[in-house]
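Structure assessment
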Amino acid sequence: MDPSLEECLASAVPGVAKAASGTLARKPLTEFNEGAFLAPSTLAILIDQEERLPGMRDELTPEHAVVLHLMARLEVHLDELPEPDSAMVERLASFGKVEFQGKICLLDGVPIPAGEAQLSYFIVMRWRPLFHPSANIRRVYCGDEAYDRLVATDILQEPVLNVTTRKYLNQLGTLQRLAPDLFVAIWFRRFRQAEVILRAHSAPKELVAKFFAAPMTCGENDQLLLAASIMSEWERIFEIADVMKLKGRNEDRVTRESVRKALDAARSWGDILALEGEIGLFLRGCALHVRANHRSMNFVKIPEADTCMLARVREALDNSLVFQDKYRRVEMIDGERPVRFFAGVELAKFIPVMLEQMNDSLMQHRVDGGKVALVHKVTTQRRRKQMLLSIVALSNICEKTARHLTRTLEAKQGTENVVDAVENRSRADALTLGEWRKVYLSAIVIGVDPLRRDADNLLTDLVGPQTKAAIVNISGRVGNAFKNKLNEIGIIASECTLSTGEYGWTMGGRFDAWLKPDAELEFLRNCTTHIKYREELDISAQQWEKLLSRCARKVGQHVDRVIRPISLPRAHPLEHTHGSWPSIFDPLQFTDEIESAAMSRRWLLREECVRQAARHLAALSPITDDPWLSERIQSRPKHRSLAKNSRRRGTFQNYQIAITRDLFWQR
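Residues numbered from 1 in each chain as written. Predicted model: local features only at pLDDT ≥ 70, side-chain atom pairs only at ≥ 80, totals over all residues. Heavy atoms only, no water.

**Re the overall build of the chain**
Quick reminder of the rule: A run of H or I in DSSP becomes a helix once it reaches four residues, and a run of E becomes a strand once it reaches two; helices and strands are each numbered from the N terminus. Partly exposed residues are those whose accessible area sits between 20% and 50% of the maximum for their type, while under 20% is buried and over 50% is exposed, using a 1.4 Å probe and protein chains only. Contacts: residue pairs with any heavy atoms within 4.5 Å of one another.
Looking only at helices and strands, the chain features 33 helices and five strands. Across the 667 residues in the chain, those meeting the buried criterion constitute 52%. Put simply, 71% of the contacts in the chain that link residues at least 6 apart link residues at least 24 apart.

Have a look at this one:
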């Protein structure tokens, strides 16, 4: 017997049961039975799973992914770590339980720098992807500015977000000396606690470093919190990218080829449940994807999909564009096409797109809105630096993807002839991974600013004159690179997730979400409420259907279904979801007026469920990992195309397409 959708939810989204059982255990919700929501077999699956999903915006705990990565890096360099400051250890002891693992000080199980001497080590280790992968940890931010120029990326961070690792190091050093309580709160990503401490501090201006060059809409105290949220968003991006990376053997990577192979080998859904690793997790999540639940979107039907979960997943993937041979929006990486996305964006574009959204959010905090003296050329230069910064970060996470992105630096540029470009490509292909790191990543770090004499001499000493010549040659190509990708970054950033304040905006790289944990509660309350019929939307939908019917095509003597700009579900997605999981959503419905204690308890239950869902909304899950989301990106006609063909039948303007996306779901 095939599993229910609830059981698919249980196996695909770790932590649902722990959150659900915790919700049901809290008073005054004890009268509600777990069986009313999930079957006992589903609960058994859920309880054994880890609660946390990658990319959640939460504070640090001993088992947190950020903490585990930090501990692993610190242990590798334990001998190089300075001795902890005993005075600082005594001050930390007033904020929790202090323990030691060698020279590493643990506060409530989380590693924390004990003294100024350890701080630079911890900063570099915690935000390691923002440094050259071959950087010598003992030399970074230790007074050698020439070395910092060669291995740190502050010069790339500054024009994108203003906040740099160097500035943040200085800021945390000040807090460590003058306000250790605030230092601990920010180190643990406890933003509400940090806000309370800042408000109560007698002289908060003495604590805050200057991060932002332009006047900001918020005060200096809030600027410190903005800087901390930007650095925390970096960690969220790294964590999601680490899950998306192409790692290990080919058959273990979540690519089109490996997923097809695993799916073809499965004989039942039980085989999928038994699959280990990221491919198994991805395939279990496919049962929750849009195409699996809205089968009206699929052109090619599999009859068994009505009753067989394995057939339903096969049908969904067979109809996804990313599984078509001619699909070009998702780039091939070393001959493989990745199918693990976040909000429809693959790893090769993920970090640049998230940086674009972070920059957009930062501009909203500027007094001028970020529009003063912002011409196209400035935007292009900034986006190019975003690409370069992304390559350095990716080289520490997925070198295969990072190396793919640097191939742009080998293409024909300017007046260069084709023969020289081909020779550049062949030389690059012959480089070993170590040589590629040394040449290309060094060229990227120094490519945006000419080397000063001290850094130039140091580079010669570090790599030798021959390798230095190759580095300088590649760095000279940086200024003309990524021409075709820079505009695409802006388009994808505007389409993959919504702008700040719109429903679902926290799923993107909007660092403001760290300071607004309740931002999506209204959105999620609406998601748990059954859809009510609205006649005016039905009338509008009928009008748009008449317009779109001009695009109907004939198959034999019959008119096929209406061709729409993108494939859409025939039913409203929210209404369809409620119908698929009545055991979960029906108990969350109540009347507009609360007239009894029982109804009050029901309202409290929904509120608790919504708050639990808000914690997971921005994480990497089957909701954000759906291949169909990549189909939505850039699916609308471009502005030039609309202008050129505005009078042709079947051509739609952007606002029309946006309306039809919503109105057809009303029917």
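Next comes the rest of the account.
**Side note on the packing of aromatic side chains**
Keep this limit in mind: Stacked, edge-to-face and tilted are the three classes for Phe, Tyr and Trp ring pairs, Trp counted by its six-membered ring, which pair at centre distances within 6.5 Å; planes under 30 degrees apart are stacked, over 60 edge-to-face, the rest tilted. A ring is scored as having a charge over it whenever the NZ atom of a lysine or the CZ atom of an arginine sits within 6 Å of its centre and within 35 degrees of its normal.
One pass over the full model with this rule turns up nine aromatic pairs. Considering the side-chain rings of Phe211 and Phe212, the 6.2 Å spacing of their centres and the 50° angle between planes classify their relative orientation as tilted. Assessed through its relative accessible area of 1%, Phe212 is described here as buried. Linked through ring pairs, Phe122, Phe183 and Trp187 together constitute an aromatic cluster. Over the aromatic face of Phe188 sits the side chain of Arg190, whose NZ or CZ is 4.2 Å from the ring centroid.

**So, the pattern of salt bridges**
As a reminder, the rule being used: A pair is scored as a salt bridge if a Lys or Arg side-chain nitrogen falls within 4 Å of a carboxyl oxygen belonging to Asp or Glu.
Considering all chains together, one arrives at 40 salt bridges under this definition. Notably, a salt bridge pairs Asp58 with Arg52, separated by 2.7 Å at the nearest N-O pair. Classification of Asp58 by relative accessible area gives buried; the value is 14%. With a shortest N-O distance of 3.9 Å, Glu80 and Arg138 are connected by a salt bridge. Placement of Glu80 in the loop between α4 (65-76) and α5 (86-92) and of Arg138 in the loop between α6 (116-126) and α7 (145-151) is noted, with a sequence separation of 58 residues between them.

**Notes on the sheet that holds strand β2 (residues 104-107)**
Spelled out, the test is: A pair of strands is considered paired only if DSSP assigns at least 2 bridges between the two.
Read from one edge to the other, the open sheet built from three strands follows the order β1-β2-β3, with strand pairing classed as antiparallel. Both edges of this open sheet fall to β1 (98-101) and β3 (110-111), since each of them pairs with a single strand only. By the bridge criterion, two bridges tie β2 to β3 in an arrangement that is antiparallel. Residue Leu107 lies in a different strand from β3, and its bridge partner there is Val110.

**Topic: the side chain of Asn359**
Note the threshold: N or O atoms closer than or at 3.5 Å make up a polar contact, with two conditions inside protein: a donor-capable atom paired with an acceptor-capable one, and, for residues adjacent in sequence, both atoms drawn from side chains.
Mapped onto the secondary structure, Asn359 falls in helix α18 (residues 347-363). Of the polar contacts made by the side chain of Asn359, one reaches the side chain of Arg382; its length is 3.4 Å. Once you skip the residues sitting within four places of it in the chain, Asn359 turns out to touch Pro159, Val160, Leu161, Arg382 and Gln386.

**A look at α18**
Where we set the bar: Multiplying 1.5 Å by the residue count of a helix minus one yields the expected span of that helix.
Given a rise of 1.5 Å per residue, 17 residues ought to cover 24 Å, and the 25 Å separating the end C-alpha atoms of α18 matches this to within 8%. Summarising burial for α18: 16 of the 17 residues are buried, a large majority.

**Looking at the packing of helix α13 (residues 256-265) against helix α15 (residues 277-286)**
This is how the line gets drawn: An axis is simply a line fitted to the C-alpha atoms; with a helix, the fit covers only the stretch in contact. Between two such axes, the angle follows the N-to-C directions and lies from 0 to 180 degrees. For classification purposes, an angle smaller than 35 degrees is called roughly parallel, one larger than 145 roughly antiparallel, one from 65 to 115 roughly perpendicular, and anything else oblique. Each residue is assigned to one of three groups, with Ala, Val, Leu, Ile, Met, Phe, Trp, Tyr, Cys and Pro labelled nonpolar, Asp, Glu, Lys and Arg labelled charged, and all others, Gly among them, labelled polar.
It is at 10 Å that the axes of α13 and α15 come closest, and there the two elements cross at 75°. Classified by the interaxial angle, the pair formed by α13 and α15 is roughly perpendicular. Residues Ser258, Val259, Ala262 and Leu263 of α13 form the contact with α15, whose own contacting residues are Ile279, Phe282 and Leu283. Of the residues belonging to the contact of α13 with α15, the class tally is six nonpolar, one polar and no charged.

Honestly, that's just the spatial picture; any functional story needs more than this.
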